[in-house]
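# Examining the three-dimensional arrangement
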Amino acid sequence: MALIYSPHRTEISAPGYLASVGQLQKDHSNSAQGYYGFLGEVNFGKVSIGVNYLNGTSDTVAGGLDFSPRSQTFNPLTHEQSETLTVLAGYNIVDSSVIGKVDATLGYFRLWAQPSISPANWYDGPELGIKGRMPLGGDAALTYKLGYVPTVAVHGYMKDDNLMEGRNIWNIRLGAEIPLNKSISGIVGYERTRAENRVVVDGSTAIVTFSGFYIGGMYSF
């Protein structure tokens, strides 16, 4: 079980949708002082079960809630609470002294967001992927995970008002484990979620990315 801290950043590129609601066709971004979460995994021989969770609220942007037509300060990401959740099962397909362990994974992913400008939305679906752990010497290790959600369901405000349809989501994580003693390790890494949707009004593409570096501590039972 690991606890993590991350100053994640959210970016949105949806010029078609923004034009449809009277705003400037430009990309927006916003960061936060900190998101917090945990990574957990239990192994049963070749089979593993894991859960990844992250939650936090982005910074408040001055003038971000100015929804007047073509506002210069409007930012749909101001003071937005975001949450990601992955629940997965893995099966070991490679166990090598050179590249370490590689598992094929099947799970469920959800990206939930509560903007200040609208009711909450969430995007979810089944996730296919791989994850692995490569030894670096001693008990240190490189860890990685790649997940793909090929069929995304949209819920909440965007669904109820028929504004967007889900396309796909990619998730990546690359990290390192540095042992401090027999049971406790420090961890550091980078993770990124990229969600692609279709804007109903004109068929254009809306892309949201949620990414950042993380640090934390891990306890092995």
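First things first, this report covers the structure right here in the doc. (Residues numbered from 1 in each chain as written. Predicted model: local features only at pLDDT ≥ 70, side-chain atom pairs only at ≥ 80, totals over all residues. Heavy atoms only, no water.)

## Quick look at the side chain of Asn 75
The topology assignment puts Asn 75 in the loop between strand S5 (47–57) and strand S6 (81–96). In this structure the side chain of Asn 75 is engaged in a polar contact, spanning 2.8 Å, whose partner is the backbone nitrogen of Leu 77. If sequence neighbours within four positions are ignored, Asn 75 has contacts with His 28, Ser 29, Val 61 and Gly 64. (Helix = DSSP H or I, 4+ residues; strand = E, 2+ residues; numbered from the N terminus. Polar contact = N/O pair within 3.5 Å; in protein donor to acceptor, adjacent residues only side chain to side chain. Contact = heavy atoms within 4.5 Å.)

## Here we look at the layout of surface pockets
In this model, the largest pocket occupies a volume close to 1100 Å³. Lining of the largest pocket is provided by 44 residues; of these, Glu 41, Asn 43, Arg 133, Glu 177 and Met 218 occupy positions nearest its centre. Class assignment for the residues of the lining of the largest pocket results in 17 nonpolar, 15 polar and 12 charged. Empty space within the second largest pocket amounts to approximately 470 Å³. In terms of lining residues, the second largest pocket is bounded by 26 residues, among which Ile 12, Glu 80, Pro 115, Asn 121 and Met 158 are the most central. (1 Å grid on protein atoms, 1.4 Å probe; cavity = no way out; pocket = protein on both sides within 12 Å on 5 of 7 lines; lining within 4 Å. Points joined across faces, edges and corners; volume = space filled by probe spheres on them. Nonpolar A, V, L, I, M, F, W, Y, C, P; charged D, E, K, R; others polar.)

## What about the pattern of salt bridges?
One pass over the full model with this rule turns up eight salt bridges. Among the ionic pairs, Arg 110 bridges to Glu 83, the shortest N-O distance being 2.3 Å. Taken as a pair, Arg 110 in strand S7 (residues 100–114) and Glu 83 in strand S6 lie far apart in primary sequence, 27 residues in all. One salt bridge connects Arg 194 with Glu 196, and the closest N-O pair in it is separated by 3.2 Å. Exposure remark for Glu 196: the relative accessible area of 17% places this residue in the buried category. By sharing partners, the salt bridges in this structure join Glu 41, Asp 103 and Lys 131 into a single network. (Salt bridge = Lys/Arg side-chain N within 4 Å of Asp/Glu carboxyl O. Buried < 20%, exposed > 50% of the residue type's maximum accessible area, 1.4 Å probe, protein only.)

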